[in-house]
Amino acid sequence: QVQLVESGGGSVQAGGSLRLSCVASGLSSDCSVAMSWYRQAPGKEREFVSAIDRSGSTKYTDSVQGRFTIFQDKGKNTVYLQMNSLEPEDTAMYYCNSDRIYCTAGSWPAEFWGRGTQVTVSS
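Residues numbered from 1 in each chain as written. Predicted model: local features only at pLDDT ≥ 70, side-chain atom pairs only at ≥ 80, totals over all residues. Heavy atoms only, no water.

Chemist: Break down the nonpolar core for me, with residues and values.
Modeler: Ranked by internal contacts, the top residues of the largest apolar core, which has 31 residues, are Trp-37, Phe-68, Leu-81, Met-83 and Tyr-94. It is strand β9 (residues 92-103) that provides the largest number of residues to this core, a total of five residues. In this structure Met-83 touches Gly-16, Ser-17, Leu-18, Leu-20, Arg-67, Phe-68, Tyr-94 and Val-119, once residues within four positions along its chain are discounted. (Core = buried A, V, L, I, M, F, W, Y, C linked by side-chain atoms within 4.5 Å. Buried < 20%, exposed > 50% of the residue type's maximum accessible area, 1.4 Å probe, protein only. Helix = DSSP H or I, 4+ residues; strand = E, 2+ residues; numbered from the N terminus. Contact = heavy atoms within 4.5 Å.)

Shown next as structure tokens:
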């Protein structure tokens with residue numbers, strides 16, 4: 001089973017930066033995963049933050065556009081989320097997600113989640 005482990009969260013003041021990491025493991029040698037980031041603040045629904053596909057194409061939710069950057073190291077099965085100009089509204093538990101697995105035999109939808117890493121931004 002695929003496992004995703006996030007790290008890099010912490011507490012920063014508004015305007016600060018953090019870099020989150022998500023490492024995927026448990027994949028067969030001929031498989032890879034598309035990964036994305038979600039976040040969930042207390043009392044709110046989990047929301048999409050950013051995603052990157054195998055070609056390197058990226059997508060961001062409007063609220064983080066221009067401030068966050070997602071990138072990957074395929075050799076390490078790791079995806080990163082560089083978060084700059086953090087705002088208190090960014091405070092949330094950030095989760096790594098895999099929504100699709102690609103293997104030599106084909107690809108299929110997936111729903112793997114990390115346990116989350118907390119990001120707290122103070123004003």
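Chemist: Give me the packing of aromatic side chains: which residues, what numbers.
Modeler: How two aromatic rings sit relative to each other is set out by the distance from centre to centre and by the angle between their planes. By the definition in use, this model includes four aromatic pairs. Relative to Phe-48, the ring of Tyr-38 lies with its centre 5.5 Å away and its plane at 80°, an arrangement referred to as edge-to-face. A residue pair is termed long-range when its members are at least 10 positions apart, and Tyr-38 in strand β4 (residues 31-40) and Phe-48 in strand β5 (residues 47-52) qualify at 10 residues. Relative to Tyr-80, the ring of Phe-71 has its centre 5.0 Å away and its plane inclined at 20°; by these criteria the two rings are stacked. Residue Phe-71 is classed as partly exposed on the basis of its relative accessible area of 28%. By way of ring pairs, the aromatic residues Tyr-38, Phe-48, Tyr-95 and Trp-113 are connected into one cluster. A cation sits over an aromatic face here: Arg-46 above Trp-113, 4.6 Å from the ring centre. (Phe/Tyr/Trp six-rings, centres within 6.5 Å; stacked < 30°, edge-to-face > 60°. Lys NZ or Arg CZ within 6 Å of the ring centre and 35° of its normal.)

Chemist: Please give an account of the sheet that holds strand β3 (residues 18-25) that cites residues and values.
Modeler: Read from one edge of the open sheet, four strands run β1-β3-β8-β7, paired in antiparallel fashion. Edge positions in the sheet fall to β1 (3-7) and β7 (68-73), since each of these pairs with one other strand and no more. Here the average twist between neighbouring strands, direction ignored, is 15°. Pairing of β1 with β3, which is carried by five bridges, proceeds in the antiparallel orientation. What sits directly across from Gln-3, in β3, is Ser-25. (Pairing = 2+ DSSP bridges. Axes fitted to C-alpha atoms, helices over the stretch in contact; angles between N-to-C directions.)

Chemist: Tell me about the state of the cysteines, and please be specific about residues and values.
Modeler: Counted under the stated rule, the structure contains two disulfides. Two residues, Cys-22 and Cys-96, share a disulfide whose sulfurs are 2.0 Å apart. Taking the sign of the S-S torsion, -85° for the link of Cys-22 and Cys-96, the bridge is left-handed. A residue pair is termed long-range when its members are at least 10 positions apart, and Cys-22 in strand β3 and Cys-96 in strand β9 qualify at 74 residues. The burial state of Cys-22 is the same as that of Cys-96; both residues are buried. A sulfur-sulfur distance of 1.9 Å marks the disulfide that ties Cys-31 to Cys-103. (Disulfide = S-S within 2.5 Å.)

Keep in mind these numbers describe shape, not what the thing actually does.
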